[in-house]
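Summary of structural features
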Amino acid sequence: MTPTIASLNEFIQKIISVSPATNEVLLYRGHSNRSKCKLLPSVLRTEKLKNKECAILRELVSSHPEEFNSDYTTLDKLVRVQHYSLPTRLLDVTWNPLVALFFAINRNSGDGEVVVFRIKKDAVKFFDSDTVSCIANLAHLRREEQSAIDFNITDQADFNKQRSIDRLIQFIRVEKPHFRPEIIAGDLRKVVCVKPKKNNPRIIAQSGAFLIFGIADQLDGRHVPNITVEKISIDQKNKLRKELDRMSINDSTLFPEIEKAAIYIKESL
């Protein structure tokens, strides 16, 4: 059983003791209340959100199209709406364990935890990956279209002839006109790590990345190829907040927006 961490020194020692294999990278995520948090993107947590996924993105783009003028792919749009706390199939993670610790202690309700992800390097993709495009564009399919995909079809050509897959390919070709209609069935059921474009001040400040979920279940309690999970329990939140603040890990540095800086300054008076 993992011991509960109650100081910054203990946390750093624990993190140092977790060494990746040569074919792995480590990423982190913080939960302020471990009993209520699931390793599942927000849009996949309830039936209502699953049913509304294809409308959520369109609603915000329709209301504020100017905000998305520089977003050329569905992933770009998902990253932006994630920034505004709309439900997506993205799960925020970070390369910096101290950032994860901050999110584990930023609220007092419940015991916190830091999740350590061991991810095979093959499961780490850049923002322009074809696999990422295939998964991201699932967000444009209606729930019944996603459910209609028959993963029991073993012949790849026949798999790609399905109506839902043909529609998915149409969305992919909007951002990649020369994309071949050769989606690999297994790619749509993957969870992969995405290195996004560093064109967002919050992503830069938080050393951010994302896990993007295909048609998959939560990472808790199930085997996901190329990803294993370890959890570190966190206690003494007030003490840890003060210690992190001394290391310049706080609301002001992790949320570059001016209103966050103003709140931090006011509370520090």
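Residues numbered from 1 in each chain as written. Predicted model: local features only at pLDDT ≥ 70, side-chain atom pairs only at ≥ 80, totals over all residues. Heavy atoms only, no water.

1. A closer look at the overall build of the protein
Where we set the bar: Per the convention used, a helix needs a DSSP run of H or I reaching at least four residues, while a strand needs a run of E reaching at least two, with both numbered from the N terminus. What the globule rule says is 2.2 Å times the number of residues to the power 0.38, and the radius of gyration is computed from C-alpha atoms. Partly exposed residues are those whose accessible area sits between 20% and 50% of the maximum for their type, while under 20% is buried and over 50% is exposed, using a 1.4 Å probe and protein chains only. In what follows, residue pairs with any heavy atoms lying within 4.5 Å of each other are defined as contacts. Where accessible areas are quoted, they stem from the Shrake-Rupley method and a 1.4 Å probe; at the residue level, only the protein chains shown are allowed to cover. Under the counting rule used here, the positive set is Lys and Arg, the negative set is Asp and Glu, and His together with the chain ends is not counted. For charged residues, the charge sits on one atom: NZ in Lys, CZ in Arg, CG in Asp, CD in Glu.
Scanning the protein from N- to C-terminus turns up 12 helices and seven strands. Compactness check: the protein gives a C-alpha radius of gyration of 20 Å against a globular reference of 18 Å for 269 residues, within 12% of the reference. Each of the 269 residues in the protein was classed as buried or not, and the buried ones make up 46%. For the protein, restricting intrachain contacts to residue pairs at least 6 apart in sequence, the fraction spanning at least 24 positions comes to 75%. For the protein, the exposed area adds up to about 14400 Å²; of that, 50% sits on carbon and sulfur atoms. Averaging the coordinates of the 41 positive side-chain charges in the protein and doing the same for the 34 negative ones gives two points 2 Å apart.

2. Overview of the side chain of Glu-24
The condition that has to hold: Any pair of nitrogen or oxygen atoms within 3.5 Å is treated as a polar contact; in protein, a donor-acceptor pairing is required on top of that, and neighbouring residues in sequence qualify only through side-chain atoms on both sides.
Tracing the backbone shows Glu-24 in strand β1 (residues 24-31). Glu-24 gets classed as buried once you look at its relative accessible area, which sits at 11%. A polar contact of 2.9 Å, which involves the side chain of Glu-24, links it to the backbone nitrogen of Ala-21. Engagement of the side chain of Glu-24 in a polar contact is seen with the side chain of Arg-118, the distance being 2.9 Å. If we ignore the near neighbours within four places in the chain, the residues touching Glu-24 are Arg-118, Ile-119, Lys-120 and Lys-121.

3. Side note on the packing of aromatic side chains
Rule in force here: Working definition: a ring pair exists when centres of Phe, Tyr or Trp rings (six-membered ring for Trp) sit within 6.5 Å. Plane angles under 30 degrees give stacked, over 60 give edge-to-face, the rest tilted. Either the NZ atom of lysine or the CZ atom of arginine qualifies as a charge over a ring when it sits within 6 Å of the ring centre and within 35 degrees of the ring normal.
Considering all chains together, one arrives at three aromatic pairs under this definition. For the pair Phe-102 and Phe-103, a centre-to-centre distance of 5.3 Å together with 85° between the ring planes defines the contact as edge-to-face. On the basis of relative accessibility, which here comes to 6%, the residue Phe-102 falls in the buried class. Members of the aromatic cluster, joined through ring pairs, are Phe-102, Phe-103 and Phe-255. Here Arg-189 stacks its cationic end above the ring of Phe-151, 4.4 Å away from the centre of that ring.

4. Points about the layout of surface pockets
Over the atoms rolls a probe the size of a water molecule, and its path tells where empty space is left. Which entries qualify depends on this criterion: The pocket and cavity definitions rest on a 1 Å grid over protein atoms only: a 1.4 Å probe that fits but cannot leave marks a cavity, an open set with protein on both sides within 12 Å along at least five of seven lines marks a pocket, and residues lining either have an atom within 4 Å of a point. Grid points are joined across faces, edges and corners, and a volume is the space filled by probe spheres set on the points. The nonpolar class holds Ala, Val, Leu, Ile, Met, Phe, Trp, Tyr, Cys and Pro. Asp, Glu, Lys and Arg form the charged class, and all remaining residues, Gly among them, are polar.
As a volume, the largest pocket reaches approximately 1200 Å³. Lining the largest pocket are 35 residues; nearest its centre among them are Arg-29, Gly-30, Gln-82, Asp-92 and Phe-103. Listing elements by their share of the lining of the largest pocket, those giving two or more residues are β1, α3 (74-83), β2 (90-94), α4 (97-105), α9 (201-205) and β6 (208-213). Each residue belonging to the lining of the largest pocket can be placed in one class, and the counts come to 14 nonpolar, 12 polar and nine charged. Estimates place the volume of the second largest pocket at around 310 Å³. Around the second largest pocket, the lining is made up of 16 residues, and of these Leu-44, Lys-50, Arg-143, Ile-215 and Ala-216 lie nearest the centre. Within the residue set of the lining of the second largest pocket, elements represented by two or more residues are α2 (47-63) and α6 (143-147). Each residue belonging to the lining of the second largest pocket can be placed in one class, and the counts come to four nonpolar, five polar and seven charged.

5. Let's talk about the packing of helix α1 (residues 8-17) against α4
How we decide: Angles shown run from 0 to 180 degrees and are taken between the N-to-C directions of axes, each axis being a line fitted to C-alpha atoms and, for helices, limited to the stretch in contact. Just so you know how the angles are binned, under 35 degrees is roughly parallel, over 145 roughly antiparallel, 65 to 115 roughly perpendicular, and the rest oblique. Left-handed is the label given to a crossing in which the near helix is rotated counterclockwise from the far helix by less than a right angle, and right-handed is the label when the rotation is clockwise.
Put simply, α1 and α4 touch, their axes get as near as 11 Å, and they point 130° apart. Taken together, the axes of α1 and α4 are oblique relative to one another. For the crossing formed where α1 meets α4, the hand is right-handed. Every residue of α4 that contacts α1 at Leu-8, Phe-11 and Ile-15 is listed here: Pro-97, Leu-98 and Leu-101. The residue makeup of the contact of α1 with α4, split by class, is six nonpolar, no polar and no charged.

6. Comments concerning the pairing of β2
Strand residues, when the strand is regular, have side chains that alternate between the two faces of the sheet. Applicable threshold: Paired strands, in this sense, are two strands between which DSSP finds at least two bridges.
Across the five residues of β2, four count as buried, placing the element largely inside the fold. For β2 and β6, the ladder comprises five bridges, and the chain directions are antiparallel. If you follow Leu-91 over to β6, its bridge partner there is Leu-211.

7. Observations concerning α1
Defined as follows: As used here, the arc belongs to the directions running from the helix axis to the C-beta atoms.
For α1, every residue scored as buried is listed here: Leu-8, Phe-11 and Ile-15. Buried residues of α1 fall within an arc of 60° about the axis and therefore sit on the same side. Turned more than 90 degrees away from the buried face of α1, the exposed residues are Asn-9, Ile-16 and Ser-17.

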